[in-house]
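# A closer look at the structure
Single-letter residue listing:
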Amino acid sequence: MQSKALKPEEYFIKDEPYYQTVGDEIAIFEAAYRQSLPILLKGPTGCGKTRFMEHMAWRLKRPLITVSCHDDLTASDLVGRFLISGGETVWVDGPLARSVRHGAICYLDEIVEARKDTTVVIHPLADDRRVLPMEKVGEILEATPEFCLAISYNPGYQSVMKDLKQSTRQRFVALEFDYPDAALEAEIIIKETGIDTATANLLVKFAHMTRDLKGSGLDEGASTRLLVHAAKLIHEGISPVVACKTAISQAITDDADMMVAMHELSSSLF
Amino acid sequence: MPRPTLTFEEIIERLDVYFDAEFTFIKSEDAAELIIKQPRSIQDFILNLCKRISATNEELAFQFTMNSIRALEAMDQHMVEAWAMTATDNYDRKGLTPAMIVIRDLDNYVHTAHVNACGAVLDEEISILLPFVQGLSGRKLKIAEAEDNHAYTDTETIFLPAITALLEESKDNFLIYKATVAFHWAQIQFGTFRLPFDEVLDCDDPVTQLKKITALETIRLEACIKRELPGLYRDMQILKQKTTDNNEQTHSDNWQNVVDKLSAIDACVNDTLHCLELISDKQLPDSCCYQGVLKLDQVTDIMQKRIEKEKAYFRIALSELAKESLKKNKETTEDTDDNETTTFNIKTRNDKQQISNSLVELELEGELVAIPDHVKELMTSIIVDFGEIPPEHLHAAGPGEYDLKKYEDEMLNPDDVWQGTYHEEGAELYNEWNFKRQHYHKNWCVLRELEIEPKYDDFVEDTLDKHKGLLKSLRHTFEILRGEDKLLKRQVYGDDIDIDALVEAYADVKSGMEMTDRLFTKMHKEERNVAVMFMVDMSGSTKGWINDAERESLILLCEVIQILGDRFAIYGFSGVTRTRCELYKIKAFDEEYNDEIKGRISNIQPKDYTRMGVFIRHMTRIFNGVDASTKLLITISDGKPDDYDTYRGEYGVEDTRQALYEAHRDGIHPYCITIDEEARDYLPHMYGAANYSVIDDVTQLPLKVSDIYRKLTT
Ligand SMILES: Nc1ncnc2c1ncn2[C@@H]1O[C@H](COP(=O)(O)OP(=O)(O)O)[C@@H](O)[C@H]1O
Ligand SMILES: [Mg+2]
């Protein structure tokens, strides 16, 4: 089998990515897109933000360029840099510049993880100027109406260092995401994995137990993503208690006692 | 057919033989008095053992018999037997006195030997049981040790026996704890205490009546557990089989009817009341190992206080919510009548399964109101008590209607904070390392951050004057340490092209050599990305010259650190026992060094004891929120971890060592400076994970710190 290599800006999502609507997020996103407003997705990890972006890219028929931010991400990583090739220096666009050039949706995931001086390069793109200054090449890229900037941010970290600056956040239309309520979440798990309803319901119940422990020993409860992981293992024939342990408990804590307590909770359910 | 119990005469007859009463003059009557009250199986068990012991020594057999009932309350029969055998074994090897000690010191025996083998000990399992019960829905419950051997709940805390050793294997004994916890959670969650006990027990035979209620509620609650926690329900059935001999109890049709009724999905306490008349006390099943007892006297008071308190808090919260929504709608609604009470509505999104909090919504004037988390928690607890939010709770409190002080005093109980059931503003919990058990005590220490009042006196000026010379040379050293911008050349990536490198590269290519990819320049701002935290011992043992030395050094250090522009913070620490660890903020990272800070340094006073680990852990937590490439934690103390309780000697040293190790693991450089006239031998061990030095002169301190700086930051 051979996989095809495509440039991200040429890659259009063909099949509808499954996304379970929770509220009016699709309508708001579309409205913001039409008005060329940048969008901020707020919410805990694994609650469907990335999936939502894929779904919107499909809906709006635009390529989606995703950048996972990390603390070494520099402005050049986003905008572009000179490389030496065949004895000459050539300019190579970064993902942000490429998105602007091709009218793609640029999604900066976990924006607070990026260095602060990196975050400011998106400012001119995120207000009504909609331009990307490229100082190194002495150019200014102007965004077309198709281009869309979206960022995500998890307010749950509660660390002063990891807070999004006002000057950044006030440029965005904010969409709030959270774990869907029990019935919807079970449905997502079922659709994603093909697991039976009873097991899906118990998994959701287990997730709620861990979310209740947030603040009393856990930093974060189990996300929808982890439930999907556990359900996939169960679907493969792994016992539910083992699946909860390997896919959920191990992922959310390193504390030995907490791990045992979560094991006791899951074995009480299954 | 169970055999009839032995009569007093029959017991005396046997004991006289075992004790050889004719010659030893042991009074069989005293022992018989105890045995007569027991069921036949217990009588046989005791007499049998008594006989075996008497073969070794009659006096020992008598003492055993006198303690046997107490022993059976504390341990199961296997362990009582083992206990008796330990005593006779001691007699054989060491004589009567040591053997008697084993019998008399029953409590100690329970705690040590056999329990270690198979029993589950609450002290060790609580760190698992507590998150377990808090993961179950509903009110956040606490767990504590029961004074006697019976589990029960007062609706806020589940009390458990210190030890569970009913079964042979420790994992089964843990399971009994777990089942007990879940059963008492179910009592609270599914409304056992909503029963009108006063009315129901107002009868001729309240003891039997309570037994009947207990039996019926057990059926109902087990059905609830079966629905909510099917996995645990299976385990509970297995436990039941393992702990009762005759597991085949045949029941009448009538009884089966009752079971069906109480197991229905919508069964509630009213059904229990209804069934009360349907059953006779003859057909009650034995109580099982996780069922515990109902201690209603423990419940009433607590429940009443809580209901009153939560109603107050809830209604005040409502009035705040009302105010907010009023603010939002200000433009539309012009005239508002302050005197009229605002009433909320409850909307339940019906999900037949069970009323759970997430399905209850608050409505004000037809509009849904977002419920903040702390109010949600209140609502959960209220629903647990009433099964709903009672209508009279839904009127927002009028101004001045409640005096919250009354409730707040109660909330300051440090033991509550320790249980982690609520978070008092500013109180934080930390683990402590127990080296003997090689594990952490969870949430062991309660730490509060306090303020120091600044004292404006001449101390700062005097200090600066006194150490003029030293200060000058320090300034010089620190100025050299200050870094500058640098242009880094020959980088793989960079902001500009390194022309020199490029020219060379061309030359290389021309002469047929491989071209390097290091062709860029990068501006590297030698920003001193250093953060330093000083942790100053404020324990009573620093009184006198050590305290003076600490304060003087801090003043000098602040002066010179300013030169570097490094971020720094200063905290003092002291306290009494693990529930009162007090941290005094002298300067936080984000505070300017100004006159007020100087005043606080001047007012650093010796307080109580030195528990070290908890403070190092707190500093580590603060540091983890600070973005700096070099983090220095400098402890200044007199070197003796010491507290009122067991934090003395090895325990304290090991916990401190562990905390330092944790800090190190989080990328912090701990450095301990001990001001002491003579170095102690434990210092190298304790500070092994860190560096340390011992000094005896204040003037050495700033010098020492500048040394550390040079070492770690350049
Ligand atoms: N609303 C939803 N619809 C469909 N799938 C979802 C939804 N929410 C979560 N998921 C599932 O959870 C997984 C993780 O979601 P993801 O979008 O990666 O989370 P995030 O980007 O918020 O961290 C997805 O792969 C999907 O399986
Ligand atoms: Mg001391």
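This brings us to the coordination of the magnesium ion (ligand 2). Residues and elements named next belong to chain B. Around the magnesium ion (ligand 2), the donor atoms from the protein are S539 (OG), S541 (OG) and T610 (OG1), and they sit 2.2 to 2.3 Å away. In the primary sequence, the donor residues of the magnesium ion (ligand 2) line up as S-x1-S-x68-T. On the criterion of sequence distance, the pair formed by S539 in the loop between β14 (530-537) and α24 (545-564) and T610 in the loop between α25 (595-602) and α26 (613-624) is long-range, its members being 71 residues apart. Judged by its relative accessible area of 1%, S539 is buried.

Size of an interface: often given as the accessible area lost when the parts come together. In this complex, chain A contributes 27 residues to the contact, which on the side of chain B involves 32 residues. For the pair chain A and chain B, the interface holds two salt bridges. K178 of chain B is the partner of E264 of chain A in a salt bridge, and the nearest nitrogen-oxygen pair spans 2.6 Å. On the surface where chain A and chain B come into contact, there are nine residue pairs in polar contact (both at pLDDT 80 or more). Residue contributions to the side of chain A that touches chain B peak at nine residues, all from helix α12 (residues 256-269) of chain A. Its residues assigned to classes, the side of chain A that touches chain B comprises 12 nonpolar, six polar and nine charged.

Right, let's get into the site of ligand 1. Residues and elements named next belong to chain A. Close contacts around ligand 1 come from 16 residues, with G46, T50, R51, E192 and R225 the closest. R51 places a main-chain nitrogen or oxygen 2.8 Å from an oxygen atom of ligand 1. Protein chains bury 91% of the 560 Å² of accessible surface belonging to ligand 1 in isolation. Elements that contribute at least two residues to the shell around ligand 1 include exactly α2 (49-60), α8 (182-193) and α10 (224-235). Of the residues in the shell around ligand 1, the class split is six nonpolar, six polar and four charged. Built from parts of two domains, the shell around ligand 1 gets at least three residues from each of domain 1 (8-176) and domain 2 (182-269).

We now examine the pairing of strand β18 (residues 669-675) of chain B. In the case of a regular strand, side chains alternate between the two sheet surfaces. Residues and elements named next belong to chain B. Within β18, six of the seven residues are buried, which leaves it mostly tucked inside the rest of the structure. Note that strand β17 (residues 630-637) and β18 share six bridges and pair parallel. For T635, the partnering residue across the bridge sits in β18 and is C672. Note: β18 against strand β19 (residues 691-695), five bridges, orientation parallel. For Y671, the partnering residue across the bridge sits in β19 and is N691.

Before going further, it helps to spend a moment on unusual backbone geometry. The phi torsion of most residues other than glycine is negative, and most of the peptide bonds are trans. Residues and elements named next belong to chain A. Backbone geometry places K61, a non-glycine residue, at a positive phi of 55°. Checked against the element boundaries, K61 lands in the loop between α2 and β2 (64-68). Using a relative accessible area of 60% as the deciding quantity, one classes K61 as exposed.

The rules behind these values
Residues numbered from 1 in each chain as written. Chains lettered and ligands numbered in written order. Predicted model: local features only at pLDDT ≥ 70, side-chain atom pairs only at ≥ 80, totals over all residues. Heavy atoms only, no water. Donors = N, O, S within 2.8 Å, 3.2 Å for Na, K, Ca; no water. Helix = DSSP H or I, 4+ residues; strand = E, 2+ residues; numbered from the N terminus. Buried < 20%, exposed > 50% of the residue type's maximum accessible area, 1.4 Å probe, protein only. Contact = heavy atoms within 4.5 Å. Salt bridge = Lys/Arg side-chain N within 4 Å of Asp/Glu carboxyl O. Polar contact = N/O pair within 3.5 Å; in protein donor to acceptor, adjacent residues only side chain to side chain. Nonpolar A, V, L, I, M, F, W, Y, C, P; charged D, E, K, R; others polar. Near = heavy atom within 4 Å. Areas by Shrake-Rupley, 256 points an atom, 1.4 Å probe, with all protein chains shown as cover. Domains from an automatic or database assignment. Pairing = 2+ DSSP bridges.

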